[in-house]
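Descriptive analysis of the structure
Here is what each chain is made of, one letter per residue.
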Amino acid sequence: MINRSSCLRGLASVLLCLVGAIAGPLSAQRTASVHGVYTYVVSDDDNVTLKDAKHRCVELAKAAAIKERFGELVTSDVIESNVETGDGRGHSSFFWENTSAMAKGDWLADERPPKVEVTYSEGKLYFRAEVWGKAREIVQGRADLTWKVLKENNGKHIESVAFNSGDRLLVNFRSPADGYVAVYLIVGDDEAFCLLPYPKDADGRFHVVAGRDYLFFDKEADTAAKQYRLTTDRQREDNQIVVIYSPNPFTKCNDVSAEAHRPHTLNTHDFQKWLLKCQRIDKDMVVEKKWVRIHTPAQKK
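Residues numbered from 1 in each chain as written. Predicted model: local features only at pLDDT ≥ 70, side-chain atom pairs only at ≥ 80, totals over all residues. Heavy atoms only, no water.

Another point: helix H2 (residues 50-70). The first and last C-alpha atoms of H2 sit 30 Å apart over 21 residues, in line with the 30 Å expected at 1.5 Å per residue. Turning to H2, its buried residues are Asp52, Ala53, His55, Arg56, Cys57, Val58, Ala61, Lys62, Ala63, Ala65, Ile66 and Phe70. Of the residues one or two after H2, Gly71 is the one with positive phi, at around 100°. (Helix = DSSP H or I, 4+ residues; strand = E, 2+ residues; numbered from the N terminus. Expected span 1.5 Å × (residues − 1). Buried < 20%, exposed > 50% of the residue type's maximum accessible area, 1.4 Å probe, protein only.)

If you want it as structure tokens, here you go:
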């Protein structure tokens, strides 16, 4: 004969074990005050604007602060690209090395405004950024996303982070589980463009199916897709592609409609506030970024 009270006690023990197994990883996700310093050097040949250099330096200082507190994982991807030189000599082949130091934590908020000092010595500008903030350690498993930045070249889609002004932008994406995805283009400190979800997604969400390959921003793959070209009026400009994924539903940020040929937009500060709020609520959210460089080819003489 089964003793009912013993069964209940046994069930309670199992439930307590399960709760402990679930709560353990969450309680281990530490939040700490961090402080970081980084020096970013720009030479005459780098052709980087003061604004871009300052932004990069601050972001690298934040990464340094997180890595100092929680550690890092460094990865490097090298992609061969072809860019039209525009000088009548055809294409110049070069390697764009995109080395990303992935800090094992998320920057949550500034505790003090970043401090940036700029000095000039022997033909180089030295940007020194010092930051103070709150960071959260990443300890739980994250979805392993597969995504590539592509450009259209003579009707073919080529993986590249180097664009000529006017080149079409595409993104190939695959996730290991059903979920939701958004894609943003960050232009300096001023503007964030919502590339995905598309305007037809009235609920502000784009659903993806596990294991399926998606080609975003291509009408042949999706008749409702919007197509985009990366442009600049400068000789060179660096933008950032941000891919946001979660197995849990989330709604894109509150942006405004721009001109007919441009995606919806908001200022970068408001975008970062929205993203921070989403990450605080959703511990399963994955945010990945890649820099893209846009060139203006030299005019043919």
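From this point, the narrative continues.
Looking now at the pairing of strand E10 (residues 179-187). Of all 9 residues that make up E10, 8 are buried, and the element is covered over most of its length. Sheet topology note: the E10/strand E11 (residues 191-196) ladder contains 5 bridges and is antiparallel. Each residue of the ladder has a partner; that of Ile186, found in E11, is Ala192. (Pairing = 2+ DSSP bridges.)

Let's shift gears to the nonpolar core. Within the largest apolar cluster, 29 residues are counted, with the highest numbers of intra-cluster contacts made by Phe173, Phe216 and Phe217. Where this core is concerned, the elements lending two or more residues are strand E6 (146-153), strand E9 (167-174), E10, E11, strand E13 (214-216), strand E14 (228-230), strand E15 (236-246) and strand E17 (286-295). What Phe217 contacts, discounting residues up to four positions off in sequence, is Arg168, Leu169, Leu170, Val171, Val183, Leu195, Leu196, Tyr198, Ala225, Lys226, Gln227 and Tyr228. (Core = buried A, V, L, I, M, F, W, Y, C linked by side-chain atoms within 4.5 Å. Contact = heavy atoms within 4.5 Å.)

Here we come to the confidence of the model for the chain. The predicted model of the chain has a mean per-residue pLDDT of 79, with 77% of residues at 70 or higher. Note that pLDDT drops below 50 for residues 1-27; the model gives that stretch 3 contacts with residues more than four away or on any other chain. Note on residues 74-101: pLDDT is under 50 here. Beyond four places in sequence and across chains, it has 60 contacts. (pLDDT = per-residue confidence, 0-100.)

Here we come to the packing of aromatic side chains. If you walk through the whole model with that rule in mind, you get 12 aromatic pairs. Seen in terms of ring centroids, Phe173 and Phe216 are 5.8 Å apart; in terms of plane orientation they differ by 25°. Their pairing is stacked. In this pair, Phe173 sits in strand E9 while Phe216 sits in strand E13, placing the two residues 43 residues apart along the sequence. Its relative accessible area of 2% is what places Phe216 among the buried residues. Note on Tyr184 and Trp274: the rings are 5.8 Å apart at their centroids and 50° apart in plane angle, and the pair reads as tilted. A residue pair is termed long-range when its members are at least 10 positions apart, and Tyr184 in strand E10 and Trp274 in helix H3 (residues 268-281) qualify at 90 residues. Overall, the relative accessible area of 13% leaves Trp274 in the buried class. (Phe/Tyr/Trp six-rings, centres within 6.5 Å; stacked < 30°, edge-to-face > 60°.)

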